[in-house]
Structure formats: C-alpha cells, structure tokens
Amino acid sequence: METNIKKLDVDLSKIPDNIASPIMDLLQDKNYRKRVTARKKLVSMGKMVLPEMVFLLASKNNSLRKEAAKVIELIADKKSIPVFIKLLDDTDSSVRWIGAEGLIRIGRDSIIPLLKFIRDKKSSYFQKQGAHHVFTSLFDTKEKNELKQLLNSLAGHHELSETSVLEASKALKTCFIKE
C-alpha cells in the first residue's frame, strides 16, 4: 500500500470512504483482478461517482487518469460528453482513446456537441483525430458520404486541417441542426 500512496497526487480526504477505498485499489498496478474489481464497484455506483472520477482526471498519474476515464466511459452518462471531449487532448494516448470510446458509447447524442466543439474551439491534432474516430463510428453511410470533406479534414488530409472548422459548421447546418 505504501507504493500506492506515493503515486497518489490528489487529495482523497474529502471523498467518502466507500468511493475512496476502490479509488486506492485502482492504483494496484500489479494486481489486475483487484483493479478490475474496484473499477466494477465504482461503475456499479453509477452517476454518483462521476464528480470524483472527474476530479481524478487532474492527476499526473497516467494509470489513475486512465482508470478514472474508464469508469466514466462505462457509466456513459450524457453529461460526461464535455469531459470526454476534453480527454481527446490528454497527454496519454490510452486516455485519449477512452475519451473517444466514451463518446461512441454515449452514441449519437455526442455528435452535435463534438461538431460544435470543432467549430468553436481551436482543436488540437489529437482532438481532430479523436473526432474523426467518433464520427466514423457514429455517422451512418449517408452522413459519411455527405460529410466526407469533414472527415478528411479531421483526418488531416487537408493542409493543416484548417478546413475542419468550416466543415463542422456546414455539417451542423446541413445535417444536424434544422432551423
């Protein structure tokens, strides 16, 4: 347990014991079974643990961020969409992947917020790659054909992929937000 305390760079003192205890077990690098059991326990608690899991995403410990992101993904609450979008730019590639998979798990409700994010923010390379993965998973065949330029720009097929902002705006107007 000593090694776990050294790895923990977030303060769990204000977190209820029934949540803090499995969080400590998430740090069990050498005990896969204990880690998975802790993850399942947190997921079974449902939405009530989401604030604590989001809090853990501030950790510099990649393993802890990955486990917290996985719990959030498995709970798949629509209110977590902004969290998943932010995870698309995490320093750890496995956390970025979980962010994209979380948006996919939530489903088509993720499309408009992600398009608005691409349209309104200066997206990083990783966020664009993640958005490409999400959209290719969630768009139907017709949408993939209609929005091929958006998908290409997100995949980096256009110089500096600067057209993704314009393409996201067009996608919102033509396919998803009917005024």
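Worth saying up front: this structure is predicted, and the values here are computed from it rather than measured.

Overview of the overall build of the protein
And then number 1: Regarding its fold elements, the protein presents 12 helices and zero strands.
And then number 2: Taken from the N to the C terminus, the helices and strands of the protein come in the order α-α-α-α-α-α-α-α-α-α-α-α.
And then number 3: Of all intrachain contacts in the protein linking residues separated by at least 6 positions in sequence, the fraction that spans at least 24 positions is 59%.
And then number 4: Of the roughly 9900 Å² that the protein leaves accessible, carbon and sulfur atoms contribute 53%.
And then number 5: Across the protein, the mean location of the 32 positive side-chain charges is 2 Å away from that of the 23 negative side-chain charges.

Structural notes on the environment of Ile118
And then number 1: Position of Ile118 relative to the elements: it lies in helix α8 (residues 111–120).
And then number 2: In contact with Ile118, not counting residues within four places along its chain, are Ser123, Ala131, Leu154, Ser164, Val165 and Ala168.

Let's talk about the packing of helix α7 (residues 93–106) against helix α9 (residues 125–138)
And then number 1: It is at 9 Å that the axes of α7 and α9 come closest, and there the two elements cross at 35 degrees. With respect to the hand of their crossing, α7 and α9 are arranged in right-handed fashion. Contacts between α7 and α9 involve Arg96, Trp97, Ala100, Glu101, Leu103 and Ile104 on the former and, on the latter, Phe126, Gly130, His133, Val134, Ser137 and Leu138.
And then number 2: Tallied by class, residues from the contact of α7 with α9 come to seven nonpolar, three polar and two charged.

Side note on the confidence of the model for the protein
And then number 1: For the protein, mean pLDDT is 90; residues scoring 70 or higher make up 92% of the total.
And then number 2: Mean pLDDT values over the elements of the protein span from 47, in helix α1 (residues 2–7), up to 98, in α7.
And then number 3: Note that residues 1–6 has pLDDT below 50 and, in this model, five contacts with residues that lie over four places away or in other chains.

The rules we used
Counting starts from 1 at the beginning of each chain's written sequence and moves along it residue by residue. In view of the model being predicted, local features appear only for residues whose pLDDT reaches at least 70, and side-chain atom pairs are presented and counted only at 80 or more, with totals across whole chains, interfaces and linings using the full set of residues. Only hydrogens and water are set aside when side-chain values are computed; all heavy atoms of the structure are taken into account. The numbering of helices and of strands both runs from the N terminus, where a helix is a DSSP run of H or I of at least 4 residues and a strand a run of E of at least 2. Contacts are assigned to residue pairs that have any heavy atoms within 4.5 Å of one another. Only the protein chains shown count as covering a residue, and every accessible area follows the Shrake-Rupley method with a 1.4 Å probe. Residues scored as positive are Lys and Arg, those scored as negative are Asp and Glu, and His as well as the terminal groups of each chain are ignored. All charge positions are set by atom: Lys at NZ, Arg at CZ, Asp at CG, Glu at CD. Between N-to-C directions, angles cover 0 to 180 degrees, with each direction set by a line fitted to C-alpha atoms, over the stretch in contact for helices. Each crossing gets its handedness from the near helix: less than a right angle anticlockwise from the far helix is left-handed, clockwise is right-handed. In this classification, the charged set is Asp, Glu, Lys and Arg, the nonpolar set is Ala, Val, Leu, Ile, Met, Phe, Trp, Tyr, Cys and Pro, and all remaining amino acids, among them Gly, are polar. pLDDT measures how confident the predictor is about each residue, on a scale from 0 to 100.

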